[in-house]
Amino acid sequence: MHRHSLVGGCTAILFLVGLANGLGVNWGTMSSHHIEARIVVQMLKDNGINKVKLFDANPRMVRALAGTGIEVMLGIPNDQLANMAFTADYAKDWVKENVTQNLDDGVIIKYVAVGNEPFLTSYNGTNLESTLPALQNIQKALDEAGHGGTIKATVPHNADVYESPSNKPSDGRFRNDIKAVMVKMVKFLQQHKSPFLVNIYPFLSLQSNAHFPFDFAFCDNTASPIGDNGAQYADVFDANYDTLAWSLKKAGAPDMKILVGEIGWPTDGVVNGNVALARRFYAGFLKKMAAGKGTPLRPGRIEFYLFSLLDEDLKSIQPGFFERHWGIFRFDGQAKFHIDFSGKGRQVMPVGAKGVTYQTEQWCVVDPSKTKDKEKVGKNVNYACTIADCTSLAYGSSCNDMDFLGNVSYAFNQYFQAQDQDVESCGFNGMAMVVTQNASRGNCLFAIMIVNSGFRLVAGGTWLAGFLSSLVSGMLLLSLRL
């Protein structure tokens, strides 16, 4: 993720009413603490979600989906593209281990996603030589294993692989620097009857352009429509989708199936990332999808995967602090807001995760009597936010309106919880203390961490941690000096 222009899109969970193609969600793993896979799978079933898109082929997740009837899209990370591209046996072994074996175990695999937005402009062509050969080798391996008729390989693309000089869909074309490889890829997908997979984010269109028409980001017919050769576009999702459709048409594939691999709205980390706007976005988008009318250029139902199922506290925040808050559900599997996945607009809450184990109900907060040394307080906050996720303290976020004691306590508690409530992690040079009274303030949740399941990812030690630290703790230090 992700960059978009004006022609840049519009998610939720349903009981399969109104959405003929069913509903898909993305299930990511960039989290410090994980809910047990079986609990997540039950949550999918409880909400009628019948399709899931993964970013790898994590065995614990894939095995938990066996026998559920849920369609699975397996993922191959970008760091494996070179091996897939230049070693055919590597692709064959991957298919044998992750496709054939899981099919035998009762997993329904529909697609294999080769890479993840490999042609992002920010990658500076890193994956340009490896992506298409990797796609070809994986599809060949699927064919040779006897799966090619039912399982298709494709590549999840960011919407920045195409553009429109006029910001009108009919002028859509693939980006000049990748046009040659994109045309070759489209022809390969066409030959194998594979879909084009694209990630569309109306939120990012709004976020990246101060002059973007606000209502045009939502699918609720409140924006002034934009005309294009007789077609009327009332929202950026339709405009973006049809820009791709025009690009495919010009590449010789006017009827190629388009899958929307990611679409959603964050709930924190930035001014326009909040629960109210997320609720508005999903309500309009799901109603639109349930109606099944499609877009001006592509009438009919659209298959899509919402992004995302759960918040992920270790996602890169290079694009913005909102990256860690795309979940419809919080990190612990509890719903954030009302959302009707049937598209009928009812005020209903999705079913949250059941059986999640939490750590002890205790919080780490600052001792107000120990905050005279502002510089030392700032250094401790800096350390906490280098290791833990403090993105909810950012300007416009859910915890942005607290006083400085609240800010410091939030940072300390985030670190304490991330360290599994290790008593030594609530020291901060004697400035902190453990309390048993809920420290949450207003809309700011001081979370209790869940008991970790499966592998553990660790934050810190990267430029990313320093980037987050400098922005968040810098903001805090300003408040400390006031």
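For the structure itself, look to the data block above.
None of these values were measured; they are calculated from a predicted model.

Colleague: Teacher, can you tell me more about the overall build of the protein here?
Modeller: Regarding its fold elements, the protein presents twelve helices and 15 strands. Considering the protein as a whole, with its 482 residues, one finds that 57% of them fall into the buried category. Element-wise, carbon and sulfur atoms account for 50% of the exposed surface of the protein, whose accessible area totals about 19200 Å².

Colleague: Would you mind showing me how to read the packing of helix α10 (residues 374-387) against helix α11 (residues 404-418) here?
Modeller: Two quantities define a packed helix pair, namely the angle between the axes and the distance from one axis to the other. Between α10 and α11, the shortest axis-to-axis distance is 8 Å and the interhelical angle comes to 40°. On the basis of the axis angle, α10 is oblique to α11. At the point where α10 passes α11, the crossing takes the left-handed sense. Taken together, the residues of α11 that come into contact with α10 (itself represented by Lys374, Val377, Asn380, Val381, Tyr383, Ala384, Cys385 and Ile387) are Phe404, Val408, Ala411, Phe412 and Tyr415. Split into classes, the residues belonging to the contact of α10 with α11 amount to eleven nonpolar, one polar and one charged.

Colleague: Just to check I follow, could you spell out the packing of aromatic side chains for this structure?
Modeller: The way to describe two aromatic rings as a pair is by their centre distance and the angle between their planes. Evaluation of the coordinates by the stated rule reveals 23 aromatic pairs. Aromatic side chains Phe281 and Tyr282 sit 5.7 Å apart centroid to centroid with 70° between the ring planes, which places their arrangement in the edge-to-face category. Here Phe281 matches Tyr282 in class, with each residue buried. Ring centres 5.5 Å apart and planes at 65° place the aromatic pair Tyr415 and Phe428 in the edge-to-face group. In this pair, Tyr415 is assigned in helix α11 and Phe428 in the loop between α11 and β15 (432-435), connecting sequence segments 13 residues apart. Just as Tyr415 is buried, Phe428 falls in that class too. Over the aromatic face of Phe218 sits the side chain of Arg280, whose NZ or CZ is 4.0 Å from the ring centroid.

Colleague: So what exactly am I meant to see when it comes to the pattern of salt bridges here?
Modeller: Side chains carrying opposite charge are able to pair once their charged atoms draw close together. Tallied over the entire structure, the rule returns 22 salt bridges. One salt bridge in this structure joins Arg175 and Asp160, with 3.4 Å as the shortest N-O distance. On the criterion of sequence distance, the pair formed by Arg175 in the loop between β8 (173-174) and α6 (179-191) and Asp160 in the loop between β6 (156-158) and β7 (162-163) is long-range, its members being 15 residues apart. On the basis of relative accessibility, which here comes to 7%, the residue Arg175 falls in the buried class. Sharing partners across several salt bridges, the network here consists of Lys51, Lys257 and Glu303.

The rules we used
- Residues numbered from 1 in each chain as written.
- Predicted model: local features only at pLDDT ≥ 70, side-chain atom pairs only at ≥ 80, totals over all residues.
- Heavy atoms only, no water.
- Helix = DSSP H or I, 4+ residues; strand = E, 2+ residues; numbered from the N terminus.
- Buried < 20%, exposed > 50% of the residue type's maximum accessible area, 1.4 Å probe, protein only.
- Areas by Shrake-Rupley, 256 points an atom, 1.4 Å probe, with all protein chains shown as cover.
- Axes fitted to C-alpha atoms, helices over the stretch in contact; angles between N-to-C directions.
- Parallel < 35°, antiparallel > 145°, perpendicular 65-115°, else oblique.
- Left-handed = near helix turned anticlockwise from the far one by under 90°.
- Contact = heavy atoms within 4.5 Å.
- Nonpolar A, V, L, I, M, F, W, Y, C, P; charged D, E, K, R; others polar.
- Phe/Tyr/Trp six-rings, centres within 6.5 Å; stacked < 30°, edge-to-face > 60°.
- Lys NZ or Arg CZ within 6 Å of the ring centre and 35° of its normal.
- Salt bridge = Lys/Arg side-chain N within 4 Å of Asp/Glu carboxyl O.

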